[in-house]
Amino acid sequence: MRRITLFATLLAATFASPLAPPLAAEDPEPPFWASTKAAVVNMRVGPGEDYRVLWVYKRVNLPMKVVRTKEGWWRVEDPDGATGWVLGSLMSQRRAGLVQGKGLAEMHEKAEAGSKLKWRLEPGVTGKLGECSEGWCDFSLPTGHQGFVPQDRLWGAQNP
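Residues numbered from 1 in each chain as written. Predicted model: local features only at pLDDT ≥ 70, side-chain atom pairs only at ≥ 80, totals over all residues. Heavy atoms only, no water.

Caption draft 1: Representation of the side chain of Ser 115. Topologically, Ser 115 is positioned in the loop between strand E9 (105-108) and strand E10 (117-121). Among the residues examined, Ser 115 registers a relative accessible area of 11% and is labelled buried. In terms of polar contacts, Ser 115 uses its side chain to reach the backbone carbonyl oxygen of Lys 110, at 3.1 Å. Excluding its chain neighbours within four sequence positions, the residues that come into contact with Ser 115 are His 108, Glu 109 and Lys 110. (Helix = DSSP H or I, 4+ residues; strand = E, 2+ residues; numbered from the N terminus. Buried < 20%, exposed > 50% of the residue type's maximum accessible area, 1.4 Å probe, protein only. Polar contact = N/O pair within 3.5 Å; in protein donor to acceptor, adjacent residues only side chain to side chain. Contact = heavy atoms within 4.5 Å.)

Below, the structure is given as structure tokens:
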């Protein structure tokens, strides 16, 4: 009888949905920054797949502020201020940034305004956020471009 119970448990675990929410104990303590890791992420009005979809995000590495967690679901705020629930397994705890504000943001070779200007970034550009210090953040784009951007021009670079 024990073998049958063990086999049934293993069988159920093998065929569990890959989108099943992780255990609540695995959720980090909010608030914290995260980013989308899936190509499509639904923001819902509540923490479950039965809730209505508010927004559909089709952008990997979009930074989100996580303000609450519940049984594998994360209540997030997006760069435009929209809030709702996303499945935590579709998110990454890797920090990302989004260029914000009006006009082009300058990316410099060093974390200094007088250093060589490498590129100008349009608002809406996303990238991997590195260390931030003294008002500058290390910022890497998917194209391989890397440099330092003023911290106040990056959404996701502040304390959550």
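Let us keep going from here.
Caption draft 2: Local environment of a nonpolar patch on the surface. A contiguous nonpolar surface patch, about 380 Å² in accessible area, is contributed by Val 45, Tyr 51, Leu 54 and Trp 55. When you line up the elements, Val 45 lands in the loop between strand E2 (41-44) and strand E3 (53-57). (Patch = residues over 30% accessible without salt bridge, like charges linked within 9 Å, V, L, I, M, F, W, Y side chains within 5 Å. Areas by Shrake-Rupley, 256 points an atom, 1.4 Å probe, with all protein chains shown as cover. Salt bridge = Lys/Arg side-chain N within 4 Å of Asp/Glu carboxyl O.)

Caption draft 3: Just the state of the cysteines, in detail. Enumeration according to the criterion identifies one disulfide in this entry. Here Cys 132 connects covalently by a disulfide to Cys 137, the sulfurs 2.0 Å from one another. Across the disulfide from Cys 132 to Cys 137, rotation about the S-S bond amounts to roughly 110°, and the bridge is consequently right-handed. By relative accessible area, Cys 132 is classed as partly exposed at 28%. (Disulfide = S-S within 2.5 Å.)

Caption draft 4: Representation of the environment of Arg 120 within the structure. Within the secondary structure, Arg 120 is located in strand E10. Looking at Arg 120, the relative accessible area reads 52%, which means it is exposed. Measuring from C-alpha to C-alpha, the distance between Arg 120 and His 108 comes to 8.9 Å, with twelve residues separating the pair along the chain.

Geometric values such as these leave the question of function open.
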